Amino acid sequence: MSEIEEKPKNQKRKKVSLDPRLSEYRGIWVFIEQEEAKVHPVSWELLGKACVLAKFLGVDVGAVVFGGNQEVVDTISKDAIAYGADIVYQVVDPSLADYRSDPFTECLVQLVKKYKPEILLLGATSLSRDLASSVATFLETGLTADCTELTINLENRSLEATRPTFGGSLLCTILTLNYRPQMATVRPGVFPIPLPNTDRKGMIIREQLQFNEASFVTKVLGFIPDPYKASERLSQADVVIGGGRGLKQASHFSLLRELAMLLGGEVGGTRPVVQAGWLEAERQIGQTGKTIRPKVYIAVGISGAVQHRVGIEKAGTIVAINNDPNAPIFDYADIGIVGDFLEVIPAMIRVVKNKISLKYDCLKKQGVGKAEEL
Ligand SMILES: Cc1cc2nc3c(=O)[nH]c(=O)nc-3n(C[C@H](O)[C@H](O)[C@H](O)COP(=O)(O)OP(=O)(O)OC[C@H]3O[C@@H](n4cnc5c(N)ncnc54)[C@H](O)[C@@H]3O)c2cc1C
């Protein structure tokens, strides 16, 4: 259903025109993903991007909030307006208390059929990926998954959804020309979270839909939260230290964990180290892992393959430590250290510890010497 726009090097894009019967679809919607009253940050990231795209189209931004508790849904709706939504479409029903494909799909499909948004954006999280594919199937429309950029084609108002392809070695831009809405999922961390403005005003539409609970094949028996939330912490950390196959063995990750702890950061890694069982799968960074945007990313024993690069290129500063001066990671790192990580990382740990104890001594001299004030 989607078409890949051909864009050969040094040639203009092929001109495409929009079917006029699709013009009744207007507006950009973002599905707000929440679990246990906690909104996934990707929803706010998408609202920020939706506002930018909506300006090009001259349309409103809609947020869709589902849940089982009116108070929770109201709070999230207000937040959605602060983050850029003009209209919030709410549905509150006991069947929507916890995520399940069936009721969420039914609900979103019905809303889309009624209000006809031209673009529907969701996070590329496990929950929203499941929902997006199911909704696209029922609506018989195109879905571009795992996008890294979204733009508007001003000639025909269509969404240009860009995503890595062919193992991450190419980027392709996909347009859904003959079906609406145009659906896309975007990975967490690709777009920045906009600053919320609590003075913003928006409209809230409360929809009431009838659900036949007996027709849903899945039942929620309980909710067991992930106590470590490794994936979430990795996406939100200011400092991330990534380990690669150059670490040689799982036990060497303890050095990275020690440095990360001192810097208040998190540890991630490449696909081979996850496949080797040295690191949990939620901590994989790259095309088939997480996209992160820390202030500082320290890549240790990582060659810098394109599939890893796509996950880290939004980092503020990339520091690479590798004993091969020709490693591809040095082509895009901001700071490169050629050396054996077994020498470099302990040296960094020593420097950070010294700085911390100097600061501690200094605070002590000033009479504010409490460890927690560090
Ligand atoms: C479809 C597909 C999806 C993929 N998805 C991902 C993904 O999401 N994330 C990902 O990371 N990869 C992914 N990959 C794999 C990717 O192509 C690379 O194979 C992988 O990133 C390489 O991992 P690495 O850098 O740890 O290992 P290597 O490429 O083996 O690099 C190890 C590096 O360590 C250095 N080194 C060795 N000893 C030391 C030392 N003592 N001190 C310092 N440096 C040292 C070496 O010089 C080398 O540069 C994917 C591949 C495919 C085909």
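Preceding this section is the structure that the text describes.
In this report, we go over the structure that sits alongside the text. Being a predicted model, the structure only gives us computed values, none of them experimental. (Residues numbered from 1 in each chain as written. Predicted model: local features only at pLDDT ≥ 70, side-chain atom pairs only at ≥ 80, totals over all residues. Heavy atoms only, no water.)

1. Quick word on the environment of Gly311
For clarity, the cut-off: Secondary structure is summarised from DSSP: a helix means a run of H or I of at least four residues, a strand means a run of E of at least two, and numbering begins at the N terminus for each. Any two residues whose heavy atoms approach within 4.5 Å are treated as being in contact.
Note on placement: Gly311 falls in helix H8 (residues 306–312). The sequence separation of Gly311 and Gln287 amounts to 24 residues, and the corresponding C-alpha distance is 6.0 Å. Gly311 has contacts with Ile285, Gly286, Lys290, Thr291 and Ile292, leaving out every residue within four places of it along the chain.

2. Section: the sheet that holds strand E13 (residues 203–207)
Convention followed: One requirement defines pairing of two strands: DSSP has to find at least two bridges between them. Under this scheme, a helix contributes an axis fitted over its contacting stretch, all axes are lines through C-alpha atoms, and angles between N-to-C directions fall in the 0 to 180 degree range.
Taking strand neighbours across the sheet as the criterion, the seven strands line up as E8-E12-E7-E2-E5-E6-E13 in an open arrangement whose pairing is parallel. Bordering the open sheet on either side are strand E8 (143–147) and E13, each of which pairs with just one other strand. Adjacent strand axes in the sheet meet at a mean angle of 20 degrees when their direction is disregarded. Judged from the three bridges that link them, strand E2 (residues 28–31) and strand E7 (residues 119–123) form a sheet pairing that is parallel.

3. Overview of the site of the ligand
Rule in force here: Put simply, a residue is near a molecule or strand once any heavy atom of it comes within 4 Å of that molecule or strand. We call two N or O atoms a polar contact when they sit within 3.5 Å, provided that within protein one can donate a hydrogen and the other can accept it, with sequence-adjacent residues counted only if both atoms are side-chain atoms. Accessible surface is estimated by sampling points in the Shrake-Rupley manner with a 1.4 Å probe; for residues, cover comes only from the protein chains shown.
Around the ligand, the surrounding shell holds 25 residues, and the nearest of these are Arg245, Thr270, Thr288, Ser303 and Asn322. Here an oxygen atom of the ligand sits 3.4 Å away from a polar atom, N or O, in the main chain of Gly289. Asn323 places a polar main-chain atom, nitrogen or oxygen, 3.2 Å from a nitrogen atom of the ligand. Protein contact buries 78% of the 990 Å² of open area that the ligand shows by itself. Of all the elements in the fold, those that place two or more residues in the shell around the ligand are helix H7 (271–275) and H8.

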